[in-house]
Amino acid sequence: MKILIVEDETDLLITISNYLTKENYICELAENFQKAFEKISIYEYDIILLDITLPDGNGIDLLKYIKKKNLKAGIIILSAKSSLDDKITGLDLGADDYITKPFQLSELNSRINAVLRKHHFDGSNVVQFNEIKVDTVSKTIKVNDEEIIVTKKEYDMLLYFILNKNRVLTKEAIAEHLWNDNIDQADNFDFIYTHLNNIRRKIKSKGGTDYIKTIYGMGYKFSDR
Amino acid sequence: MKFISIINRNYLITISVLLIILSIAAFFTLKRTLTEEAKEELLENKKSIINEIESRNNLPNLYPTIETVVISKSEVVEKSIKKVMIKDVLDDGEEEPFLEYKSIESINGNYYAITLRKSLIEYEELLLAITIPLLLLLLLTFILSFLITRRLNKKVWNDFEHNLAVLRQFSFRNSEEIKLKNTNIQEFDEINKSITDLTKKLLVDYQALKKFSENASHEIQTPISIISVNLEEMLQHNIPEQTFQLIVNTQQTLKRLSDLNKNLLLLTKIENRQFSSDEEIDISSYIESKIEEFTPLIKSKNLKVEVTNDGVFQVKMSSELVDILLNNLLSNAVKHNSISGNIYIEISKSELKICNSGASNKLTNEAIFNRFTKENSQSYGLGLAIVKQICNTHNIAIQYRKSDFHCFVLSRCSGL
């Protein structure tokens with residue numbers, strides 16, 4: 001999968017690119033409008049991460065250009081603006097998603113995956129991790145080819161874990177992904193634990209392995225290592 | 001006091017004083033003139049009497065107007081002219097004012113005392129006959145001129161009042177230049193020009209400032225993103241628990257910083273009325289889904305939520321703001337609640353009431369909505385300030401009531 005990252009802040013650009021490379025994406029970088037424009041004109045990408053505020057132009061104009069040329073790339077806007085208006089403008093112009101800074105890399109990964117699945121759901125609608133298969137179209141989970149019944153939150157949580165396998169995810173990051181921003185006002189994140197335990201129990205009931213490891217009681221890691 | 005009233009009042013006072021002084025002056029001047037006239041007439045009469053005595057040696061006597069007496073030389077009669085009161089024998093015997101002239105004349109070697117009198121009654125009548133119409137005329141002139149001035153004033157100030165209304169309605173938020181009516185009065189037009197220039201300049205400054213704070217807020221999010229992303233990557237390494245703890249703490253603090261920044265930006269945007277609000281929204285329909293969203297928090301504190309629906313509470317507000325409003329109120333009700341506490345939500349046509357149990361605080365109705373009023377360091381005290389600001393800009397009154405429960409009551413401002 002080829003990703004073009006358009007972001008004028010080099011530090012952020014490099015960190016995102018390093019992370020996505022580790023996640024087996026091929027990353028190309030553009031730190032200004034001109035470069036991004038050239039790359040978009042010449043090459044094809046599966047995903048374009050687009051910062052709106054660029055030193056020499058507006059990301060929205062790039063978005064319009066991409067849509068005008070009918071390029072197939074999925075577009076995720078990275079913006080410092082959190083207001084609904086900007087979001088709606090971006091999505092109306094044909095962006096697939098809109099992520100507000102600051103964001104978690106694991107969250108970005110989840111969103112990229114969702115956009116990829118949306119654009120290429122022919123055959124790629126199953127996310128698999130060993131004996132666990134998540135069908136993202138029917139929203140069902142199979143363990144050892146047997147379906148387990150999960151709630152929407154449990155489904156979202158497991159998919160998030162699998163997409164971010166081998167990564168340490170803090171409770172805050174999980175809560176933010178599953179619920180909206182208000183959740184970070186919680187005094188504790190015990191309610192995550194409840195959902196987690198349900199998933200563990202359901203997977204084990206079909207003979208699956210518990211891949212969810214607790215890290216110092218502050219985070220979790222989905223891993224078979 | 002209105003400019004016109006001051007002018008009118010001064011005008012009236014001045015005119016009244018002037019009228020009184022003028023009438024008194026007119027009265028005395030006239031009186032003096034008439035008395036002079038009477039004196040001259042008496043002197044004329046004296047000449048005729050002297051002539052009469054000289055030529056015909058006839059002493060005319062006609063009481064009370066003419067008295068002529070022969071006197072000896074030694075007799076002293078004062079020469080005088082004065083006003084006297086004399087009983088009129090012809091009339092009903094009442095005393096009447098006369099101007100009396102006494103003189104001694106020597107004619108053909110004899111001395112005569114001549115006393116001439118003239119009745120002043122007709123003069124006084126004449127005086128009144130002149131003074132009263134004159135006064136009335138003056139009064140009429142003043143009243144007319146007062147009315148005309150007032151009408152004129154109204155016309156002149158009309159444009160001014162219009163411009164004043166425009167000024168009152170002027171808001172930087174509309175970012176429209178002020179348009180004042182041309183009054184064709186030099187002074188007013190000069191003020192208009194000054195105001196127009198001033199507001200133009202202020203508008204530019206205001207927009208620059210707004211842009212700056214908005215940009216600053218946005219720009220802060222980028223370095224925060226870098227820190228956040230780097231912290232996340234640090235967690236992926238094999239690190240001891242203490243370091244892990246420190247990084248998680250730093251992440252939480254960073255999140256607070258970012259939220260604070262976002263909320264300040266939001267507050268400014270609400271203040272600037274940058275949210276369009278043409279749709280009527282039924283708050284009750286939002287409450288259910290909001291409670292749903294908060295379920296994990298509500299469950300984690302083992303809270304009991306009761307919603308009473310007695311009507312439809314409608315607000316004219318953008319859905320984004322409704323979301324923020326309910327979010328902040330509910331999160332407040334959850335955050336400051338005691339374990340196994342209660343949340344009561346009462347919705348009626350005129351009111352939305354959100355109450356929660358919880359430890360008592362010292363905050364008053366005013367203080368609780370202030371920015372950065374907080375009970376613990378975990379919050380930054382902007383949530384309720386945002387709620388208040390949203391209410392203020394949407395004609396909703398909000399009140400904090402404290403009894404057994406902490407209640408926030410939203411009600412629509414009437415007549416607006």
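Bear in mind that the values here come from a model prediction, so they are computed numbers and not experimental data.

Caption draft 1: Highlighting the overall build of chain A. Per the secondary structure count, chain A includes eight helices and 14 strands. Burial analysis of chain A (225 residues in total) assigns 53% to the buried set. For chain A, restricting intrachain contacts to residue pairs at least 6 apart in sequence, the fraction spanning at least 24 positions comes to 57%. Counting only carbon and sulfur atoms, one obtains 48% of the accessible surface of chain A, whose full area is about 10000 Å².

Caption draft 2: Examining the pairing of strand S7 (residues 97-100) of chain A more closely. Residue and element names in this part refer to chain A. Side chains Asp-97 and Ile-99 of S7 all project onto a buried face; the interleaved residues Tyr-98 and Thr-100 project onto the opposite face, where all are buried too. With four bridges connecting them, strand S6 (residues 74-79) and S7 associate as parallel partners. What sits directly across from Ile-77, in S7, is Tyr-98.

Caption draft 3: Molecular detail of the packing of helix H5 (residues 283-300) of chain B against helix H6 (residues 319-335) of chain B. Residue and element names in this part refer to chain B. Running from N to C, H5 and H6 point in directions that differ by 45°, and their axes come no closer than 10 Å. One way to sum up the angle between H5 and H6 is to call them oblique. Relative to H6, the crossing made by H5 is right-handed. Where H5 abuts H6, its residues Ile-283, Tyr-286, Ile-287, Lys-290, Ile-291, Glu-293, Phe-294, Leu-297 and Ile-298 lie against Ser-319, Val-322, Asp-323, Leu-325, Leu-326, Asn-327, Leu-330, Ser-331 and Val-334. Tallied by class, residues from the contact of H5 with H6 come to 12 nonpolar, three polar and three charged.

Caption draft 4: Local environment of the nonpolar core. Grouped together as the largest cluster of nonpolar side chains are 74 residues, with contacts concentrated most on Ile132(A), Ile192(A) and Leu352(B). Per element, the largest residue contribution to this core is nine residues, and it comes from H6(B). Leu13(A), Leu105(A), Leu116(A) and Val229(B) belong to the second largest nonpolar core, which has 22 residues in total.

Caption draft 5: A look at the packing of helix H1 (residues 10-22) of chain A against helix H5 (residues 105-119) of chain A. Residues and elements named next belong to chain A. The geometry of H1 relative to H5 is characterised by a closest axis approach of 11 Å and an angle of 60° between their N-to-C directions. When the axis of H1 is compared with that of H5, the two are oblique. The two elements H1 and H5 cross, and the hand of that crossing is right-handed. Facing Ile-16, Tyr-19 and Leu-20 of H1, the residues of H5 in contact are Leu-105, Ser-106, Leu-108, Asn-109 and Ile-112. For the contact of H1 with H5, the per-class residue count stands at six nonpolar, two polar and no charged.

Caption draft 6: Highlighting the interface of chain B and chain A. Contacts between the two partners involve 36 residues from chain B and, on the opposite side, 41 residues from chain A. Three residues, Glu232(B), Gln236(B) and Phe244(B), lead the burial of chain B against chain A; their summed loss comes to 15% of the area buried on that side. Counting every contact that joins chain B to chain A gives three salt bridges. Ionic pairing is found between Glu233(B) and Arg167(A), a salt bridge with its closest N-O pair at 2.8 Å. One can count 11 residue pairs in polar contact (both at pLDDT 80 or more) joining chain B with chain A. Sort the elements by how many residues they give to the side of chain B that touches chain A and helix H3 (residues 186-235) of chain B lands first, with 12 residues.

About the criteria used
Residues numbered from 1 in each chain as written. Chains lettered and ligands numbered in written order. Predicted model: local features only at pLDDT ≥ 70, side-chain atom pairs only at ≥ 80, totals over all residues. Heavy atoms only, no water. Helix = DSSP H or I, 4+ residues; strand = E, 2+ residues; numbered from the N terminus. Buried < 20%, exposed > 50% of the residue type's maximum accessible area, 1.4 Å probe, protein only. Contact = heavy atoms within 4.5 Å. Areas by Shrake-Rupley, 256 points an atom, 1.4 Å probe, with all protein chains shown as cover. Pairing = 2+ DSSP bridges. Axes fitted to C-alpha atoms, helices over the stretch in contact; angles between N-to-C directions. Parallel < 35°, antiparallel > 145°, perpendicular 65-115°, else oblique. Left-handed = near helix turned anticlockwise from the far one by under 90°. Nonpolar A, V, L, I, M, F, W, Y, C, P; charged D, E, K, R; others polar. Core = buried A, V, L, I, M, F, W, Y, C linked by side-chain atoms within 4.5 Å. Buried area = accessible area lost by both parts, 1.4 Å probe. Salt bridge = Lys/Arg side-chain N within 4 Å of Asp/Glu carboxyl O. Polar contact = N/O pair within 3.5 Å; in protein donor to acceptor, adjacent residues only side chain to side chain.

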